[in-house]
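Structural overview for review
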Amino acid sequence: METRKGDFSKGSVPVHMLSIAAPIFLAELVNVTYNIVDRMFIGHIPGEGTLALSGVGVAFPLISFISAFAGFVSSGGAPLFSITRGEGDDKKASDILETSISFLLLVSLFLMVLLFSFMNIVLMVMGADESTFSFAKSYFSIYLLGTPFVLISLGANPFITAQGHAVVGMATVMIGALVNIILDPIFIFLLGMGVKGAAAATVISQGCSALWVLLFLIRGEEIKLRRLRVVPSLLSKILKLGVSGFCFKVTNSLTQGIANMTLRAYGGASGALYIGAMSIINSMREVVALPISAISSSSQPVMGYNYGAKLNKRVVKTIRSLVVMCITYGMAAWAMVMVLPHVFISIFTPDENLIGLTVPLMRIYFSCFFCMSFQNSGQNTFVALNCPRRAVFFSLFRKVVLVVPLTLLFPLFLGVEGVFYAEAFSQAVGGTLCCLTMLMTVYRKVRNTPDGLRAEI
């Protein structure tokens, strides 16, 4: 019989992972350029680039908050989708897809109304002051109009990859990113729209990506989006598993907001400059973490499919490959950033004062970055094998239990640099504990369960 697309029960596990990871990496790299390219152009606006960059940095936690809802659905729906396909139940997989897309659209409308209603208050809470508020509001008010596009393009694309169409998933974001790269300089400089132009370019480009996703899912080869509806029983399972991905992203938004507020409080007259530095560092973190994210994402459909098919030996091989690949890249990325921080920072700003301030802060922030390899390995294994409680716990543990209190506590003793030390400490402790727990619980149980039996995890 001919093996259908997305059948991961045969062939080399590492080859499957790499074949999926490569286009995912390119797709995520291009996706990150939506915000990265905006900041690169914004930082070079004559006369106001530094303050404009800080203003967008204030809005960044809210952008992360919006994308967290895409992760809510994709990190819950896509693994269940893969497991169901592995079990051979395509009808249920179709129901999961329809429920996920419908919920994304409903949530996007709710978020638009909510954030428009409280925009001024929220931006001030996120760290805006008199010098940055106008830039933050100009950018975010336009960005909000594209909320449905953002949630569909980010939240539905993993369902394309889960069917084995990783290249199509890559094309989803490449289309939008190319539009964004073309429109940014036109809107920002040629038309003189400044930060408003950057936001408008992002909205249009995300709209192109969302349209591509929907067209592919509607005209899919195997499992199609036939109608918009929510199956309550499936939605509860999707959200239960997806709460891990949601917590990971929404707590990231929370910590970014608290970091901005703390930087403004302890930075004195240079508070806006410190927020600008954090904006650059967050941009670099997004780029540097992409290969780890791609490798982790590539493991989910492979791991979930084989778990659904009760092929436990292949699940074990996938976990081992995931850990080794993540650690190898994590060490290389850590060394690169620690040695050459000024090279990356200068991409975002020509301001020598901002570059000089950001270099030592970036080294502090990334000093334990390689430990995020452990976090991603453990976290993605829990999600792929439908272990929502553990996945949620470690999402909350690193951000809420460690980062938030330490971001408020460390500056009392270390000054404004304590904000950056708090992140490094949380990466080391949270990442290590997450991976060790995964290896001692889930990995051990799957390894000790023979093929043909469902591992009780």
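A brief structural summary. What you see is a predicted model, and the numbers here were worked out from it, not measured in a lab.

1. Let's talk about the overall build of the protein
Within the protein, the secondary structure is distributed over 18 helices and zero strands. Relative to the globule expectation of 23 Å for 457 residues, the C-alpha radius of gyration of the protein, 21 Å, shows essentially globular dimensions. Taken along its principal axes, the extent of the C-alpha atoms in the protein is 65 × 45 × 35 Å. The burial tally for the protein puts 60% of its 457 residues in the buried class. Taking the intrachain contacts of the protein between residues at least 6 apart in sequence as the baseline, contacts between residues at least 24 apart amount to 83%. In the form shown here, the protein has an accessible surface area of approximately 17400 Å², with 69% of it arising from carbon and sulfur atoms.

2. Let's talk about the nonpolar core
Tyr139, Phe140, Leu151, Phe366, Leu385 and Phe420 are the most contacted members of the largest nonpolar core, which totals 126 residues. Looking at this core, the element that brings in the most residues is helix H2 (residues 49-86), giving 16 residues. Once residues within four sequence positions are removed from consideration, Phe366 is found in contact with Ile281, Met284, Arg285, Val288, Trp334, Val337 and Met338.

3. Side note on the packing of H2 against helix H12 (residues 290-308)
The contact between H2 and H12 brings their axes to 7 Å, and the two run at 40 degrees. Comparing their axes, H12 and H2 come out oblique. The handedness of the crossing between H2 and H12 comes out as right-handed. The segment H2 lies against H12, with Pro79, Ser82, Ile83, Arg85 and Gly86 engaging Gln300, Pro301, Gly304, Tyr305, Tyr307 and Gly308. Residues of the contact of H2 with H12, tallied by class, amount to five nonpolar, five polar and one charged.

4. Observations regarding unusual backbone geometry
A positive phi is found at Lys310, a non-glycine position, where the angle reads about 60 degrees. Along the chain, the position of Lys310 falls in the loop between H12 and helix H13 (312-339). Positive phi is not limited to glycine here, since Asn386 has a value of about 60 degrees. Considering the arrangement of structural elements, one finds Asn386 in the loop between helix H16 (372-384) and helix H17 (388-414). Under the relative-accessibility criterion, Asn386 is labelled partly exposed at 36%.

5. Structural notes on the packing of aromatic side chains
The tally for this structure, following the rule as stated, stands at 14 aromatic pairs. Judged by centre distance (4.9 Å) and plane angle (65 degrees), the ring pair of Phe69 and Phe246 falls under edge-to-face. Of the two residues, Phe69 is situated in helix H2 and Phe246 in helix H10 (residues 232-266); the sequence distance between them amounts to 177 residues. The exposure classification of Phe69 matches that of Phe246, with both residues buried. With a centroid separation of 6.1 Å and an interplanar angle of 5 degrees, the aromatic rings of Phe382 and Phe394 are classed as stacked. One end of the pair, Phe382, is in helix H16; the other, Phe394, is in helix H17, with twelve residues separating them in the sequence. For the pair shown, Phe382 and Phe394 are each scored as buried. Taken together, the ring pairs in this structure connect Phe65, Phe69, Phe72 and Phe246 into an aromatic cluster. Over the face of the ring belonging to Tyr307 we find Arg454, whose NZ or CZ atom lies 4.7 Å from the ring centre.

Cut-offs and rules
- Residues numbered from 1 in each chain as written.
- Predicted model: local features only at pLDDT ≥ 70, side-chain atom pairs only at ≥ 80, totals over all residues.
- Heavy atoms only, no water.
- Helix = DSSP H or I, 4+ residues; strand = E, 2+ residues; numbered from the N terminus.
- Rg over C-alpha atoms; globule rule 2.2 N^0.38 Å.
- Buried < 20%, exposed > 50% of the residue type's maximum accessible area, 1.4 Å probe, protein only.
- Contact = heavy atoms within 4.5 Å.
- Areas by Shrake-Rupley, 256 points an atom, 1.4 Å probe, with all protein chains shown as cover.
- Core = buried A, V, L, I, M, F, W, Y, C linked by side-chain atoms within 4.5 Å.
- Axes fitted to C-alpha atoms, helices over the stretch in contact; angles between N-to-C directions.
- Parallel < 35°, antiparallel > 145°, perpendicular 65-115°, else oblique.
- Left-handed = near helix turned anticlockwise from the far one by under 90°.
- Nonpolar A, V, L, I, M, F, W, Y, C, P; charged D, E, K, R; others polar.
- Phe/Tyr/Trp six-rings, centres within 6.5 Å; stacked < 30°, edge-to-face > 60°.
- Lys NZ or Arg CZ within 6 Å of the ring centre and 35° of its normal.

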